[in-house]
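A look at the structure
Here is what each chain is made of, one letter per residue.
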Amino acid sequence: MTIPQWVGDDIDLTRPSVSRVYDYYLGGFHNFASDREMAEKAIADWPDLPLIMRSNRAFLRRGVKLLIEQGVRQFLDIGSGIPTVGNVHEVAQDLDPASRIVYVDTDPVAVAHSRSLLAGNANAEVLAGDFTQPAKLLAEVEELGLLDLDRPVAVLLNALLHFVPDPLDPAGLIGTFRDWSPAGSYLLISHATHELHPPELTRAHRDLYKNNTASPMTMRSREQVAGFFAGYELLEPGIELSEHWHPDGTGSPDQAERFPIWAGVGRKP
Amino acid sequence: MTQKRLIADWEQALRESGDPLASEHDFAHLAERLSSVTLAGLTPTADADKAGRRLGRLLVDAHLTAPNAIGQAMTVLARYAPDVGDLHREQQLVRMQGGLAAGHAAAVQRLLLAQQEAIHQASTAARDDVARALSESEARWRTLVDQAPVGIAIGDIEGNVLEANSSLQRMFGYSLEEMRGIRVQEFTHPDDTEDIWEQYADLVAGRLEEFRTEKRYVRKDGEVVWTNLSVTLIRDPDGEPAFQVAVMEDITDRRLLQEKLRHEATHDPLTGLPNRVLFLQRLDRAVADPGPDERIAVLFIDLDGFKFVNDSRGHIVGDRVLMAVAERLTEGARPSGALVARLAGDEFVALLSSGLSEATPMRVAEDLLAALKQPLKVTGQLPVQVGASIGVVELAAAGANSAEIMQAADLALHAAKEAGKGRVVEHDPQRRAGQLTRFQVAMQLPGLVERGELALVYQPLVRLDDGEVHSVEALLRWNHPHMGSLSPDMFIRIAEENAAILPIGRWVLDRACADLAASAWPAVNINVSVRQLYSPQFVDDVRRALDLAELDPSMLRVEITESVVMNLDDPEPVAVLDTLTGLGARLVMDDFGTGYSNLAALRRLPWDELKLAGAFLESTRGGRPWNPTDQRILSTLVDLAHSIDLLVTAEGVETAEQDEQVRAIGCDVGQGWYYARAEAFTPSTPARPGPGARRRTSPDTAPIPKIQSPR
């Protein structure tokens, strides 16, 4: 038996977790007092946060839908968090029940919850794994045997990369996944940015995460996010605010700048 | 109010409910459903409360769970109130509002409880996973630690043993329970060095993270166990020293083996005495770090006649004799505290190094000689008697050099042997300048011939009846570049021990034959060592030398000492001597009467001549005549030799009285200073009768070169 990398980590429910705080923003009840306390603080500073999360959520839904339209039936969702309504497998398998999804998260509670939720779903699996240790993670993905590596895979980095600081070389890590992916595969990214709001606001938000969670945030510019697609061909309309990325009439494109998320999907030639 | 407006109201309410997940749904479609449920609930027979609950449930199913959603929904219904018309329907609307609130609250409550339950179960499952993994991991570690071949113990910072694995329990012979009652500090060994416990104190004080050392422990059964110990400090989360972990490997066997090997490397396996290596180490140490005014002494002990014991009674007895000698020496040296060692063969050595008075070393040496004089008891044998010679060096330790001390002791021993064996001779610094050590000689022997440092001198043998030269004996000299002319005594014995004698012997043969051919001498005597007789080349060497010089073989006289002949048990040398006499060479027994005069030996080989040892004349030096018994024995010996047709030569004749005496007992030929000293050959005139003519021996007519004869 391999020892899970998080063995020895305390599962400290008195400390907010990014995935449970996110669940709270979305109106879910998969959270504990500490998560709610921090989320309430964040919302008090930035009342738009639940809507921003909704926008991100909506982008993921539209992104998966577009990928299905492009013919992709395999998804590797890294940093999947607490699976709430409208998760990737729900969207994808609603369009094609044969779609295969592998969820990956470092949060043992999120993984355990995903596991119970996915019980009985033969085409969806969950792994405890870390994006910043790609070799180990990909070895476990392959060991799982769910994904067919002769066919395209969409790697979903939804609201994940702003929790990967620069010293860990996010571009290099993405490169590992790109090199591993078969030709014709896709990369989906949504990423928080500081470019649209007053620095005090974004700094306060960053500090909140830095001081309360194990996951400090690094917000990035549109150009930096575009750089993450090295080796990919960006689909139309390139890197855009989430509300402007393939709007389907349910969102608020006219207020797009309230939602500071750069979004994009690229294809590996 | 139209249904259309109701639908629009619902749709707006949905949008403004602000519930993030609600955007997943098609609000227009949902608004239509909500609208029709609302209207159906207001028909006269409808259960408005039930319809309200259904509205609440639909909202929650569409993820409109936030408190705001219920507010918005209430507002939609309130705005519809003016359009209701009658009291009954107003009451229905109120009931619907109540139902909506209750239905929404109930649905939210169900969802909340379900999700809270889910997340708690997830966290419990995750914790169980971690706990299981940890316990598996811990179990693995525990097994690993317990089965590890090294001893592992954990102690608290006060030194109380908390845990100890099986290896450690086996190593120490204590059970875990017993170990727990013992503090680390109690596991001492009397020979622990101070720094072990200093390091330990530093570690528990947090000044040192780890230390490694080799340490002895005393097992429960009292045995000593040697360990390779490593102690590591474990700190608590605040960085304070909390535990200590000791890992120790049992290296007892390795240490014992090392000690055994060290003992074997420094001790003589036969006698158990320290060997040369250890002795020189001790001598070096004594010299390197001397106390003030400290004096040291080395006694170099060499057995006399041990070779005879070995040759006559075999090596096994020889070895037992050496063991008995070692024991005797050790006992004899005990009162003085001397270190006795065996250097090689029958060479022993003793080191005296503390509290010496000047007289002590000589006294100890005399004591050792006296101890050796008592016959040795050797298992299964008659008591054996061996004597010894001892060379003594005594000097101030400061400034001394062990190599020079050993050289000096060797010289003193050499002097003791020369002085007649069974003696103690103290090193005389004066003598040293004039002598070479055996070691130096051995080093310089190779290449002696090539370097041209050898020379021959010739001493005539004179016929006593007419004073004519009977032959000349070729005597070897080493013209040493620093020491001058050295006699064979100084180096032939050493040359015989290594193969250096063979090229020297060949050179002597060639030189002597060549000189004889160029002289008017009738014949030449050369001395042949036993080693040459065993050389398969020797007969060819003789033939070649004779041929080169164009000599008749009868002009060559081969001298073999009696002691060598005594030991000729092998057929090869006897065959060699037979071959030589077959060629025509003559055989002379040298030094007859020195050792173990064995008349039977005379029968075994075709001897032509016999030379009485010069020792016989020693007692007559200073003009004293032989006593009648000696004289009678000697004259009988000569008569006996004559009776088997042997010519008898008397050696060492130095005075007119001795000349008279050797004539009186019937000797035929005399040799000694009285007649002539040994001199180098100088070809003054070509003595050869003519080229190509092989000379025939004709002693009667041979001219006599440079004979110093009084007669």
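Look up a bit, the structure's there.
Position numbers for residues start from 1 in each chain and track the written sequence from start to end. Chains carry letters from A onward and ligands carry numbers from 1 onward, assigned in written order. Side-chain atom pairs in this predicted model are given and counted only at pLDDT of 80 or more, local residue features only at pLDDT of at least 70, and totals for whole chains, interfaces and linings cover all residues. Values shown for side chains rest on all heavy atoms present in the structure; no hydrogens or waters enter the calculation.

**Some remarks on the environment of B:Glu450**
Residue and element names in this part refer to chain B. Here is the rule: Here a helix means four or more residues in a row that DSSP labels H or I, a strand means two or more in a row labelled E, and each is numbered from the N terminus. The classification of residues rests on relative accessible area computed with a 1.4 Å probe and restricted to protein chains. Under 20% of the type maximum is buried, over 50% is exposed, and intermediate values are partly exposed.
Relative to the helices and strands, Glu450 is located in the loop between α15 (438-444) and β11 (454-463). Residue Glu450 is classed as exposed on the basis of its relative accessible area of 65%. As for Glu450 and Trp507, which are separated by 57 residues in sequence, their C-alpha atoms are 9.9 Å apart.

**A word on the pattern of salt bridges**
Side-chain pairs of opposite charge can arise where the charged atoms are in close proximity. Residue and element names in this part refer to chain B. Selection rule: Any Lys or Arg side-chain nitrogen found within 4 Å of a carboxyl oxygen on Asp or Glu counts as a salt bridge.
For the coordinates displayed, the defined rule picks out 38 salt bridges over all chains. For Glu453, the salt bridge identified is with Arg451, shortest N-O distance 3.0 Å. According to the relative accessible area criterion, Glu453 is buried, its value standing at 12%. Of the charged contacts, one joins Glu609 and Arg557 as a salt bridge, the two residues approaching to 3.6 Å between their closest N and O atoms. Of the two residues, Glu609 sits in strand β17 (residues 609-612) while Arg557 sits in strand β15 (residues 556-561), which places them 52 residues apart along the sequence. For Glu609, a relative accessible area of 1% gives the class buried. For Arg557, a relative accessible area of 4% corresponds to the buried category. Via salt bridges that share partners, Glu473, Glu559, Lys611 and Glu651 belong to a single interconnected network.

**Observations regarding the packing of helix α11 (residues 306-333) of chain B against helix α12 (residues 360-373) of chain B**
All names here are of chain B. Just so we agree on the cut-off: Here, axes are lines fitted to C-alpha atoms. For helices the fit covers the stretch in contact, and angles between N-to-C directions go from 0 to 180 degrees. Convention used here: angles under 35 degrees read as roughly parallel, angles over 145 as roughly antiparallel, angles from 65 to 115 as roughly perpendicular, and any remaining angle as oblique. Note on convention: near helix rotated counterclockwise from far helix by under a right angle means a left-handed crossing. Clockwise means right-handed. Any two residues whose heavy atoms approach within 4.5 Å are treated as being in contact. Note that Gly is not counted as nonpolar here; it falls among the polar residues with everything else outside the nonpolar set of Ala, Val, Leu, Ile, Met, Phe, Trp, Tyr, Cys and Pro and the charged set of Asp, Glu, Lys and Arg.
Direction vectors running N to C along α11 and α12 enclose 140°, while the axes themselves pass 9 Å from each other. Considered as vectors, α11 and α12 are oriented oblique to each other. Crossing geometry of α11 relative to α12 is assigned as right-handed. Across the interface between the two elements, Val325, Arg328, Leu329, Gly332 and Ala333 from α11 touch Leu368, Ala371 and Leu372 from α12. Its residues assigned to classes, the contact of α11 with α12 comprises six nonpolar, one polar and one charged.

**Some details on a positive patch on the surface**
Residue and element names in this part refer to chain B. Applied cut-off: Within this analysis, patches are made of residues with over 30% relative accessible area and no salt bridge. Like charges are joined at 9 Å or less; nonpolar side chains (Val, Leu, Ile, Met, Phe, Trp, Tyr) at 5 Å or less. Surface exposure here means Shrake-Rupley accessible area, sampled with a 1.4 Å probe, where a residue is shielded only by the protein chains that are shown. We score Asp and Glu as negative and Lys and Arg as positive, and we do not count His or the chain ends. Where a charge lies is defined by one atom per residue type: Lys uses NZ, Arg uses CZ, Asp uses CG and Glu uses CD.
Side chains of Arg33, Lys50, Arg54, Arg57 and Arg110 sit close together on the surface and give a patch of like positive charge. Considering each element in turn, the positive patch owes the most residues, three residues, to helix α3 (residues 48-61). Here Arg33 shows up in helix α2 (residues 27-41). Accessibility expressed as a relative area gives 38% for Arg33, which makes it partly exposed.

**Considerations on the pairing of strand β8 (residues 347-352) of chain B**
Residues and elements named next belong to chain B. The following threshold applies: A pair of strands counts as paired when DSSP detects no fewer than two bridges linking them.
Within β8, six of the six residues are buried, leaving the element largely enclosed by the surrounding structure. Taking every second residue as pointing to the same face, both faces of β8 are buried, with Glu347, Val349 and Leu351 on one and Phe348, Ala350 and Leu352 on the other. In this sheet, β8 lies alongside strand β7 (residues 339-344) in antiparallel orientation, the contact comprising five bridges. Paired with Leu339 across the strands is Leu351, a residue of β8. Between β7 and β8, which pair antiparallel one after the other, the connecting turn spans two residues, and Gly345 there sits at a positive phi close to 45°.

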